[in-house]
Amino acid sequence: MSHLDQAAPPSGPRGRHAIDVQWFRKELEQQRGFRLDQLTDLSYEAAGVADDVQGEVITALMTGARTALADIDAALFRLAIGAFGVCQRCGRAIPADRLEAIPMAGLCLPCQYAKESHRPAPDIVEVWGIDSFPASDPPANW
Ligand SMILES: [Zn+2]
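Fair warning: this is a prediction, and the values are worked out from it, not measured in the lab. (Residues numbered from 1 in each chain as written. Predicted model: local features only at pLDDT ≥ 70, side-chain atom pairs only at ≥ 80, totals over all residues. Heavy atoms only, no water.)

Caption draft 1: Layout of the overall build of the chain. Secondary structure assignment for the chain yields four helices and zero strands. Tracing the chain from N to C terminus, the helices and strands come up as α-α-α-α. Of all 142 residues assigned to the chain, the portion counted as buried reaches 30%. Sequence-distant contacts in the chain: of pairs separated by 6 or more residues, those separated by 24 or more amount to 63%. Accessible area of the chain: about 9,100 Å², with a carbon and sulfur share of 56%. (Helix = DSSP H or I, 4+ residues; strand = E, 2+ residues; numbered from the N terminus. Buried < 20%, exposed > 50% of the residue type's maximum accessible area, 1.4 Å probe, protein only. Contact = heavy atoms within 4.5 Å. Areas by Shrake-Rupley, 256 points an atom, 1.4 Å probe, with all protein chains shown as cover.)

Structure, rendered in C-alpha cells:
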C-alpha cells in the first residue's frame, strides 16, 4: 500500500520556484468548501444557542472561519492574476515548503513574523503597497 498518491505536493525539482497552479487551486477550493460548510453549520448552531458562553464560542468560531475564507479567496485571486507565491509585503518568492503547508499564505516567514510582532519588515520593496492588496485584510463582517 502506497500513500504517496495522497496529497502529493507540486511536482518539479525542489528548490525551484515552480508553482503548480492546478494543485494549489484544487487545494484552496477544497479548503474553501470546508469553510463554507463550517459557516453553514455554525449559523445553524447560532440559531439554537442556549446561553451567552456558547454564543460567544460560536461567534469566535465564525469569525475565524470568515477570516480563513477571506484568506483563501485572496489566495485564489492571487492565483488568478498570476501573483500567487509572491510575498505581498517584500515581493520575494514565498518558499514552496511554506506554500504547500499553508496555500493561503500571502507573506513570506520574515514578513509574517514582522507583521505579528507589529514591526516593519526589513527591506520592504513596494510591490503592492503595504495593505493595499484586495481582500488581504477584509472587513470583520465580510
Ligand atoms: Zn516577505
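Alright, that's what it looks like, and here's the rest.
Caption draft 2: Focus on the coordination of the zinc ion. Coordination sphere of the zinc ion, protein contribution only: Cys 87 (SG), Cys 90 (SG), Cys 108 (SG) and Cys 111 (SG), at 2.3 Å. One can describe the donor arrangement at the zinc ion as tetrahedral, given that its four donor atoms subtend angles of 106 to 116° at the metal. Counting gaps between the donor residues of the zinc ion yields the pattern C-x2-C-x17-C-x2-C. Highlighted residues: Cys 90 in the loop between helix H2 (52–81) and helix H3 (96–101) and Cys 108 in the loop between H3 and helix H4 (109–116), separated in sequence by 18 residues. Comparing Cys 90 with Cys 108, the two get one shared label, buried. (Donors = N, O, S within 2.8 Å, 3.2 Å for Na, K, Ca; no water. Tetrahedral: all angles 85-135°; square planar, octahedral: opposite > 155°, others 65-115°.)

Caption draft 3: Molecular detail of helix H1 (residues 21–47). Here H1 contains 27 residues, and its C-alpha end-to-end distance of 39 Å stays within 8% of the 39 Å for a straight helix at 1.5 Å per residue. Of all the positions in H1, only Trp 23, Phe 24, Leu 28, Leu 39 and Leu 42 are classed as buried. Structurally, H1 contributes buried residues whose contacts are with H2 and H3. (Expected span 1.5 Å × (residues − 1).)

Caption draft 4: Structural view of the UniProt feature "domain: Zinc finger DksA/TraR C4-type" (unreviewed entry) in the chain. Listed under "domain: Zinc finger DksA/TraR C4-type" (unreviewed entry) in the UniProt record, and renumbered for this structure, are residues 82–112. The span residues 82–112 is 32% helix and 0% strand, and its two end C-alpha atoms sit 21 Å from each other. (UniProt positions renumbered as here; feature names shortened; annotations may be inferred.)

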